[in-house]
Amino acid sequence: MIRFESTIYLSCDLRLYNIYIVSSKMGAKASSDLREEEIDAIQKETGFSQNQIIRLFTRFTSLDKEQNGFLTRDAFLRIPELAINPIADRIVESFFVKGHDHVNFRQFMKTLAVFRPISAKTADDAINGRNKKLEFVFSLYDSDKDGKISKTDLQEILGLMVGANISPEQLSFIAERTILESDKDNDRSISRDEFLKAMDSAECNTKMSVRFLD
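Just so you know, these numbers come straight off a predicted model, no measurement behind them. (Residues numbered from 1 in each chain as written. Predicted model: local features only at pLDDT ≥ 70, side-chain atom pairs only at ≥ 80, totals over all residues. Heavy atoms only, no water.)

A. Spotlight on the confidence of the model for the protein chain. Chain-level pLDDT for the protein chain is 85 on average; 87% of the residues reach the 70-or-more range. Every residue in residues 1-8 is under pLDDT 50, and counting partners more than four places away or in other chains gives 28 contacts. (pLDDT = per-residue confidence, 0-100. Contact = heavy atoms within 4.5 Å.)

Structure representation (structure tokens):
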């Protein structure tokens, strides 16, 4: 876990640096299975190039072993580097709409777009901008999805990230100190705005980006 500003243990590091989402092959079949208007719409929504969309569709279909046209949670764990990520379940869950068990290609692309690298021209509120990346991280910390990060939320994700390298007492202490330093309205939790402020100096581009071949 990366440490920022005194005792604040909040991080953009999702251990994504070894993950390659895309396939190295781009077949004619993948291109023919996507209509031109679908590609155009996804390109406008996500910022991916046409070649990247087709490559990602190839990867999507390779994960969809049953050829259902959608992915399940188990299908995502066929990405080896993701499967061994300590917070893999939370990352995978972010692709799914609440109450749904399947992800179609367009949903897949919208979530992946958050991980596109930031350029000098990227606005903070762009789909892959700094704010969206931080909001994504916030959603991983907020395990019960109540719009705030509690001490329990922090202890859970810290436990996943550091495992047996730290005692429960130390986890509790770190979580408590993090809440105290980030909580400005004294409700003993970290709101979205408080999280964004606490992460103001964090380097998120490299830690929140995946390499997409063109």
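B. Local environment of the nonpolar core. Counting 58 residues, the largest nonpolar core has Phe76, Phe105, Phe108 and Phe195 as its most contacted members. Ignoring sequence-local partners within four residues, the contact set of Phe76 consists of Leu71, Leu82, Val92, Phe95, Phe96, Val103 and Phe108. (Core = buried A, V, L, I, M, F, W, Y, C linked by side-chain atoms within 4.5 Å. Buried < 20%, exposed > 50% of the residue type's maximum accessible area, 1.4 Å probe, protein only.)

C. A look at the pattern of salt bridges. The tally for this structure, following the rule as stated, stands at 13 salt bridges. For Glu181, the salt bridge identified is with Arg177, shortest N-O distance 3.4 Å. In this pair, Glu181 and Arg177 are both assigned in helix α10 (residues 168-182), four residues apart and thus about one turn of the helix distant. When salt bridges that share partners are traced, they join Lys132, Glu135, Arg192 and Asp193 into one network. (Salt bridge = Lys/Arg side-chain N within 4 Å of Asp/Glu carboxyl O. Helix = DSSP H or I, 4+ residues; strand = E, 2+ residues; numbered from the N terminus.)

D. Here's a closer look at the packing of helix α2 (residues 36-46) against helix α7 (residues 105-113). For the pair α2 and α7, the least separation of the axes is 9 Å and the interaxial angle reads 25°. Relative to α7, α2 is oriented roughly parallel. In the packing of α2 onto α7, the handedness of the crossing is right-handed. Taken together, the residues of α7 that come into contact with α2 (itself represented by Ala41, Ile42, Glu45 and Thr46) are Phe105, Arg106, Met109, Lys110 and Ala113. Here the contact of α2 with α7 is composed, by residue class, of five nonpolar, one polar and three charged. (Axes fitted to C-alpha atoms, helices over the stretch in contact; angles between N-to-C directions. Parallel < 35°, antiparallel > 145°, perpendicular 65-115°, else oblique. Left-handed = near helix turned anticlockwise from the far one by under 90°. Nonpolar A, V, L, I, M, F, W, Y, C, P; charged D, E, K, R; others polar.)

E. View of the environment of Gln50. When you line up the elements, Gln50 lands in helix α3 (residues 50-63). Overall, the relative accessible area of 32% leaves Gln50 in the partly exposed class. Through-space distance from the C-alpha of Gln50 to that of Asp214 is 8.4 Å; in sequence the pair is 164 residues apart. Residues in contact with Gln50, not counting those within four places in the same chain, are Glu36, Ile39 and Gln43.

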